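Spelled out, the chains give:
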Amino acid sequence: MATEVLAGKTLELDADGHLANRADWNESVAAAIASQEGIPLLTDRHWAVIKYMRAEFEKNGQAPSIRKLTKESGVDTKELYALFPKGPAKKAAKIGGLPKPVGCI
Amino acid sequence: MSTNSEEPITKVSIVVSHGSLEGVYPGLIMANGARMEGMEASLFFTFFGLDAIMEKRMDKLKVATVGNPGMHMPTILGALPGMSAFATGMMHKEMEKIDIPPVREFLEMIHDAGGEIYACKASVDMFHLSKKDFCPQVKDIISVGQFYEKSAGGQIIFT
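All residue numbers refer to position in the chain's written sequence, counted from 1. To read the labels, note that chains go from A and ligands from 1, taken in the order they are written. The predicted origin of the model limits local features to residues at a pLDDT of at least 70 and limits the giving and counting of side-chain atom pairs to 80 or more, whereas totals for whole chains, interfaces and linings rest on all residues. Hydrogens and water are ignored here; the side-chain numbers use all heavy atoms of the structure.

Engineer: Which parts of the structure should I look at to understand the overall build of chain A?
Structural biologist: Where helices and strands are cited, they refer to DSSP runs of H or I of at least four residues and of E of at least two residues respectively, numbered from the N terminus. Of the regular secondary structure elements, chain A holds five helices and two strands. Helices and strands in chain A line up, N terminus first, as β-β-α-α-α-α-α. Taken against the 2.2 N^0.38 rule, which gives 13 Å for 105 residues, the C-alpha radius of gyration of chain A at 13 Å falls within 12% of a compact globule. Structurally, chain A occupies a C-alpha span of about 35 × 30 × 20 Å along its principal axes. Per-residue accessibility, obtained with a 1.4 Å probe over protein chains only, is compared with the maximum for each type, and a residue is labelled buried under 20%, exposed over 50%, and partly exposed between these values. Per-residue burial for chain A yields a buried fraction of 48% across its 105 residues. Across chain A, contacts joining residues at least 24 apart in sequence account for 46% of those joining residues at least 6 apart. Residue exposure ignores everything except the shown protein chains as possible cover, and the areas themselves are Shrake-Rupley values with a 1.4 Å probe. Summed over its atoms, the accessible surface of chain A is roughly 5,200 Å², and 51% of this surface lies on carbon and sulfur atoms. In chain A, 15 positive and 13 negative side-chain charges are present, and the distance between their average locations comes to 6 Å. Based on C-alpha atoms, the radius of gyration is set beside the globule rule, defined as 2.2 Å times the residue count to the power 0.38. Between two residues, a contact is recorded if the distance between any of their heavy atoms is within 4.5 Å. Only four residue types enter the tally: Lys and Arg on the positive side, Asp and Glu on the negative side; His and the chain ends are excluded. Charged groups are reduced to one reference atom each: NZ for lysine, CZ for arginine, CG for aspartic acid, CD for glutamic acid.

Engineer: How should I be thinking about the interface of chain B and chain A in this particular structure?
Structural biologist: How big an interface is tends to be reported as the loss of accessible area on association of its parts. Chain B puts 17 residues into the contact, and the matching count from chain A is 15 residues. Take the accessible area each of two parts loses on contact, using a 1.4 Å probe, and add the two losses: that sum is the buried area. Overall, the association of chain B and chain A removes approximately 1,400 Å² of surface from exposure, summing both partners, and the carbon and sulfur fraction of that is 55%. Taken as a group, Met36, Asp99 and Asp112 of chain B account for 42% of the area that chain B buries against chain A, more than any other trio of residues on that side. Within this document, salt bridges are pairs made up of a side-chain nitrogen of Lys or Arg and a carboxyl oxygen of Asp or Glu, the two lying within 4 Å of each other. Counting across the interface, chain B meets chain A through five salt bridges. A salt bridge links Arg67 of chain A to Glu96 of chain B; its shortest N-O distance comes to 3.1 Å. In protein, a polar contact means a hydrogen-donor-capable atom and an acceptor-capable atom, both N or O and within 3.5 Å, with residues adjacent in sequence counting only if both atoms are side-chain atoms; elsewhere, any N or O pair within 3.5 Å suffices. In this assembly, chain B and chain A are joined by six residue pairs in polar contact (both at pLDDT 80 or more). Elements with a minimum of two residues in the side of chain B that touches chain A: helix 1 (21-36) and helix 4 (103-112) of chain B. Each residue gets one of three labels, nonpolar for Ala, Val, Leu, Ile, Met, Phe, Trp, Tyr, Cys and Pro, charged for Asp, Glu, Lys and Arg, and polar for the others, Gly among them. Partitioning the side of chain B that touches chain A into residue classes produces nine nonpolar, two polar and six charged.

Engineer: What is the right way to read the confidence of the model for chain A from this model?
Structural biologist: Do not read the fine detail of predicted coordinates wherever pLDDT is low. For every residue, the predictor assigns a confidence score, pLDDT, that lies between 0 and 100. Here chain A averages 92 in pLDDT, while 99% of its residues score no lower than 70. Averaged pLDDT values for the elements of chain A fall to 85 in strand 1 (residues 3-6) of chain A and rise to 96 in helix 4 (residues 77-83) of chain A.

Engineer: What am I meant to see in helix 3 (residues 83-97) of chain B here?
Structural biologist: Each full turn of the α-helix corresponds to 3.6 residues, which orients residues three or four apart in the same direction. All names here are of chain B. Multiplying 1.5 Å by the residue count of a helix minus one yields the expected span of that helix. Given a rise of 1.5 Å per residue, 15 residues ought to cover 21 Å, and the 22 Å separating the end C-alpha atoms of helix 3 matches this to within 8%. Looking at helix 3, one finds that the buried residues are Met83, Ala87, Thr88 and Met95. Down the axis of helix 3, the sector holding all buried residues measures 125°, keeping them to one side. Facing away from the buried side of helix 3 by over 90 degrees, the exposed positions are Phe86, Lys93 and Lys97. In this structure, the buried side of helix 3 is in contact with helix 1 and helix 2 (75-78). Two residues or fewer after helix 3 comes Asp99, characterised by a positive phi angle close to 70°. Picture the helix axis, draw a direction to every C-beta atom, and the arc is the one those directions span.

Engineer: What exactly am I supposed to notice about the sheet that holds strand 2 (residues 40-45) of chain B here?
Structural biologist: Paired through their backbone hydrogen bonds, the strands of a sheet run either parallel or antiparallel. Residues and elements named next belong to chain B. With respect to topology, five strands assemble into an open sheet ordered 4-3-2-1-5, the strand pairing being parallel. Of all strands in the sheet, those with a lone pairing partner are strand 4 (138-142) and strand 5 (155-158), marking the two edges. Across the sheet, the mean angle from the axis of one strand to that of its neighbour is 25°, orientation sign disregarded. Along the sheet face, helix 1 touches strand 1 (11-16), strand 2 and strand 5 and points at about 160° away from the line of strand 2. Note: two strands are recorded as paired if DSSP finds a minimum of 2 bridges between them. Simply put, an axis is a line fit to the C-alpha atoms, just over the touching stretch for a helix, and the angle between two N-to-C directions goes from 0 to 180 degrees.

Engineer: How should the pairing of strand 3 (residues 116-120) of chain B be read in this particular structure?
Structural biologist: Every regular strand shows the same layout, with side chains that alternate between the two sheet faces. All names here are of chain B. Burial runs high along strand 3: four of the five residues are buried. Across four bridges, the pairing between strand 2 and strand 3 is parallel. Residue Ser42 lies in a different strand from strand 3, and its bridge partner there is Glu116. Sheet analysis places strand 3 next to strand 4, joined by four bridges and oriented parallel. Bridged to Cys120 within strand 4 is Ile142.

So, in structure tokens, the structure goes:
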């Protein structure tokens, strides 16, 4: 399994390059992944999305759909794509230390 | 074989040519999915596909219960009054369960996600329509030539 040093820790990654162990995640790890993904600074609005996704994953064992996310997180579709350009659900999941989302919507 | 066959797809142009519910959704799901993956996506509605972007019709699309072997019912049953409405209701219910939005909301979502939505000029002329017949998310009415120009460098998918 691939590993990577992020925020001073050696972390295991899954086949998609997401964190393999959710226990490894913390806010500095999130910031380090975000900067790799081209988001130099995580704002409150980014955190609203990331925290909502983590809470949903905790509850349901999977990442929410974009539709559910935009209805419930308070961040609408336009803002979501502006916050996480090039694939919001995937990027937010990666930064949040969650596996790649499997849903189609 | 092309040597760059494994280069990631970065842009898709999806043509929607059917106006039945099952004819419209695959294109919408593919366009939205493309944006979710960070690809450029545009939708081009042509012929009866225009129903999906027409203010008067987009909320009333139906599942075809006649001439649709996928329904697994005898044609004569599919032709009974109310059968199409029944099948449409069932499909809406199942789609809502897996979080697939109704057509109008889906088009808003794709539009807000940066996807572009176009109507085909030849079909618009044939059905005597104009821009005001369409939902506000429709960016323009374009010719097939313009469609190819806009699709440059991407993949074209016909549904």
